[in-house]
Amino acid sequence: MGTSMGAMHTWMWGYMYPGFMDALMPLASAPVEIGGRNRMLRKMIMESIRSDPDFKDGEYTGPLKNMLAAHSRCLS
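For clarity, every value in this text was computed on a predicted model and none was experimentally measured.

Conventions we followed
- Residues numbered from 1 in each chain as written.
- Predicted model: local features only at pLDDT ≥ 70, side-chain atom pairs only at ≥ 80, totals over all residues.
- Heavy atoms only, no water.
- Helix = DSSP H or I, 4+ residues; strand = E, 2+ residues; numbered from the N terminus.
- Phe/Tyr/Trp six-rings, centres within 6.5 Å; stacked < 30°, edge-to-face > 60°.
- Expected span 1.5 Å × (residues − 1).
- Buried < 20%, exposed > 50% of the residue type's maximum accessible area, 1.4 Å probe, protein only.
- Arc of directions from axis to C-beta.
- pLDDT = per-residue confidence, 0-100.

## Things to note about unusual backbone geometry
- We note that Lys56 has phi near 50°; this positive angle belongs to a residue other than glycine.
- Relative to the helices and strands, Lys56 is located in the loop between helix H2 (36–50) and helix H3 (67–75).
- Even without glycine at this site, Asp57 takes up a positive phi of about 55°.

## Comments concerning the packing of aromatic side chains
- Considering all chains together, one arrives at 3 aromatic pairs under this definition.
- Put simply, the rings of Trp13, Tyr17 and Phe20 touch in pairs and so form one group of aromatic residues.

## Overview of helix H1 (residues 5–16)
- With 12 residues, H1 should cover 16 Å at 1.5 Å per step; its first-to-last C-alpha distance of 16 Å lies within 8% of that length.
- Those residues of H1 lying buried are Ala7, Thr10 and Gly14. In an axial view of H1, the angular spread of the buried residues amounts to 45°, which keeps them on one side of the axis. Set apart from the buried face of H1 by more than 90 degrees, the exposed residues are Met5 and Tyr15.

## Thoughts on the confidence of the model for the chain
- For the chain, per-residue confidence averages 78 on the pLDDT scale, and 79% of positions sit at 70 or higher.
- Here strand E1 (residues 2–3) stands out as the element of the chain with the lowest mean pLDDT, 59, in contrast to H1, whose mean of 84 is the highest.

So, in structure tokens, the structure goes:
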């Protein structure tokens, strides 16, 4: 049982471990790909982080300068 991201995990668990539970209750979710504006915003956030000079392919050691840009896109 879960909402939003928790619901996505409900779908995954139901698919991966069908005999593990008697029922599933995903809330505020659909078992489909992310589309439209949501996909575009998530791609922009990922690109903000990956384009940061301090990202170093995920091997960063401190805060990233572009996190402010990524965070501001989450709020829109």
